[in-house]
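Coordinate analysis (summary)
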Amino acid sequence: MASIIDLRSDTVTRPTPAMLAAMHAAPVGDDVYEEDPTVRQLEESLAARFGMAAGLFCPSGTMTNQIAIQAHCPPLSEVVCEATAHVYLWEVGGIAHHARASVALLPGDRGRLTASQIEAAIRPANNVHYPTTRLVCLENTHNRGGGSCYAWNELEEIAAFTKKQGLALHLDGARIFNALVATGQRSEDYGRLFDSISVCLSKGLGTPVGSVLLGSADFIQQCKRLRKLMGGGWRQAGYLAAAGLYALENNVARLADDHRRAAALAEALRPLPYVAEILAPETNLLIFRLDESRLTVADCLARLEAQGIKASGFGGSWVRFVTHLDVDDAMLARVVAALPELAN
């Protein structure tokens with residue numbers, strides 16, 4: 001029986017035998033006591049890669065995002081972000097719950113904001129009717145934007161504006177390595193622009209769990225207390241951190257293969273009569289809209305699954321494919337062969 005091809009997300013990957021061997025061999029200690037050498041190595045390695053002073057290893061990107069937002073925002077603050085940002089849409093209302101902050105939502109170009117948009121959203125500081133704008137959150141790549149990437153000049157313009165206004169700038173970098181591979185940008189330059197960065201290891205890099213929050217030494221010390229408050233103080237976490245170290249050494253450059261396969265799927269979909277629109281993939285996320293008079297989302301997903309292919313409905317008439325390290329070229333060929341038959 002042919003293996004299942006899971007295109008729902010790049011979170012579905014499993015550790016390779018080599019990654020498992022690295023995890024098994026990791027020296028560990030109690031991380032709450034700051035005695036796990038492998039956790040320290042991961043935090044220091046990622047901080048250096050992104051030009052930041054310190055890092056904090058956490059179970060998830062949602063936790064690193066929400067810790068950062070709470071650390072940046074005292075109560076009665078406002079966070080500026082794009083209307084479909086993960087920090088707003090898919091983190092269970094954490095901004096309201098943890099930071100007790102409000103959110104100014106802006107319409108982006110496939111999730112990307114401009115400095116002028118952000119400038120127009122800043123609240124007047126002397127008007128007591130408004131919360132105080134404290135933080136701008138960007139997402140790179142942008143999930144709902146189909147893996148869209150910021151151009152470097154756009155990031156520089158936003159960072160220059162936020163610094164001038166005294167605002168903090170946070171990056172949800174759940175798929176930041178996809179953006180780096182796609183654009184050729186340098187990770188170490190990001191530390192000049194952002195006050196904090198969340199780097200997820202369990203998506204394109206293929207680890208079983210974990211994200212690292214980056215920032216200044218004082219900021220990370222503050223965040224360590226918030227991590228403990230949220231129940232994120234873990235013990236012999238070095239076994240998981242070792243997976244992250246392995247992924248940084250072995251799974252970054254290969255992201256280009258995922259991008260190539262997503263582009264190939266887009267080309268295969270383009271001539272099909274049931275496809276109404278495709279967001280051209282910049283990285284490993286491919287989002288396309290169905291003409292539901294020809295093929296409904298429910299039927300599309302069911303017919304794919306009948307052929308051993310899993311995908312995700314993405315709201316309305318949209319479907320999402322995500323390529324990752326557990327999807328090879330033979331699997332790609334199977335999907336491409338299946339697509340023309342879906343409407344029959």
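What you see is a predicted model; the values in this text were computed from it and never measured. (Residues numbered from 1 in each chain as written. Predicted model: local features only at pLDDT ≥ 70, side-chain atom pairs only at ≥ 80, totals over all residues. Heavy atoms only, no water.)

Below, the discussion takes up helix α12 (residues 255-269). The end-to-end C-alpha separation of α12 is 22 Å, in line with the 21 Å expected for 15 residues at 1.5 Å each. Among all positions in α12, only L255, D258, H259, R261, A262, L265, A266, A268 and L269 are buried. Contacts from the buried residues of α12 go to α8 (176-183), β9 (275-279), β10 (285-290), β13 (318-322) and α14 (329-338). (Helix = DSSP H or I, 4+ residues; strand = E, 2+ residues; numbered from the N terminus. Expected span 1.5 Å × (residues − 1). Buried < 20%, exposed > 50% of the residue type's maximum accessible area, 1.4 Å probe, protein only. Contact = heavy atoms within 4.5 Å.)

A separate point is the state of the cysteines. What the rule picks out here adds up to 0 disulfides. Between C81, a cysteine without a disulfide, and C137, which holds the nearest cysteine sulfur, the sulfur-to-sulfur distance is 6.2 Å. Left unpaired, C149 is separated from the closest cysteine sulfur, that of C200, by 16 Å. (Disulfide = S-S within 2.5 Å.)

The subject of this paragraph is the sheet that holds strand β12 (residues 312-313). Across the sheet, 4 strands lie side by side as β9-β10-β13-β12; this open sheet has antiparallel pairing. Looking at the sheet topology across the chains shown, the edges are occupied by β9 and β12. Here 4 bridges tie β9 to β10, and the two strands are oriented antiparallel to one another. For E277, the partnering residue across the bridge sits in β10 and is R289. In this fold α12 packs onto β9, β10 and β13, with an angle of close to 15° to the strand it touches most, β10. (Pairing = 2+ DSSP bridges. Axes fitted to C-alpha atoms, helices over the stretch in contact; angles between N-to-C directions.)

As a further point, take the packing of helix α2 (residues 37-49) against helix α11 (residues 238-250). Axis angle and axis distance: for two packed helices, these are the angle between their axes and the distance between the axes, and together they describe the pair. In the contact formed by α2 and α11, the axes pass within 8 Å of each other and the chain directions differ by 35°. Regarding α2 and α11, the two cross each other, and that crossing is left-handed. Across the interface between the two elements, T38, V39, Q41, L42, S45, L46 and R49 from α2 touch G238, A241, A242, G244, L245, L248 and E249 from α11. Within the contact of α2 with α11, the residues separate by chemical class into 7 nonpolar, 5 polar and 2 charged. (Left-handed = near helix turned anticlockwise from the far one by under 90°. Nonpolar A, V, L, I, M, F, W, Y, C, P; charged D, E, K, R; others polar.)

Strand order in the open sheet formed by 7 strands is β2-β8-β7-β6-β5-β3-β4, and the pairing between neighbours is mixed. Bordering the open sheet on either side are β2 (54-58) and β4 (102-106), each of which pairs with just one other strand. Strand-to-strand twist of the sheet, defined as the mean angle between neighbouring strand axes without regard to direction, takes the value 20°. Inspection of the sheet shows β2 paired to strand β8 (residues 211-215) by 5 bridges, in the antiparallel sense.

This part covers the pairing of strand β5 (residues 132-139). Among the 8 residues of β5, 6 are classified as buried, and the element is accordingly described as predominantly covered. Note that strand β3 (residues 77-82) and β5 share 4 bridges and pair parallel. Across the sheet, residue E78 finds its bridge partner in β5, namely T133. Alignment of β5 against strand β6 (residues 168-173), held across 5 bridges, turns out to be parallel. Counted as the bridge partner of C137 is H170 from β6. The parallel pair β5 and β6, bridged by helix α7 (residues 152-165), forms a crossover whose chirality is right-handed. (Right-handed = clockwise from strand over helix to strand, strands pointing away.)

All right, on to the nonpolar core then. Formed by 52 residues in total, the largest nonpolar core has its most connected members in L46, F50, L138, F177 and Y190. Of the residues forming this core, the biggest block, 6 residues, is contributed by α11. Ignoring any residue separated from it by four or fewer positions in sequence, one finds F50 in contact with I176, F177, L180, S187, E188, Y190, G191, I197, V199 and L214. With 28 residues, the next largest nonpolar core counts A266, V275, L304 and M331 among its residues. (Core = buried A, V, L, I, M, F, W, Y, C linked by side-chain atoms within 4.5 Å.)

What follows concerns a nonpolar patch on the surface. Taken together, the side chains of Y88, L89, W90 and L105 make up a nonpolar region of the molecular surface, amounting to roughly 340 Å² of accessible area. Residue position: L89 is located in helix α4 (residues 86-89). In this structure L89 comes out as partly exposed when scored by relative accessible area, which is 37%. (Patch = residues over 30% accessible without salt bridge, like charges linked within 9 Å, V, L, I, M, F, W, Y side chains within 5 Å. Areas by Shrake-Rupley, 256 points an atom, 1.4 Å probe, with all protein chains shown as cover. Salt bridge = Lys/Arg side-chain N within 4 Å of Asp/Glu carboxyl O.)

All we've got here are geometric facts, nothing functional implied.
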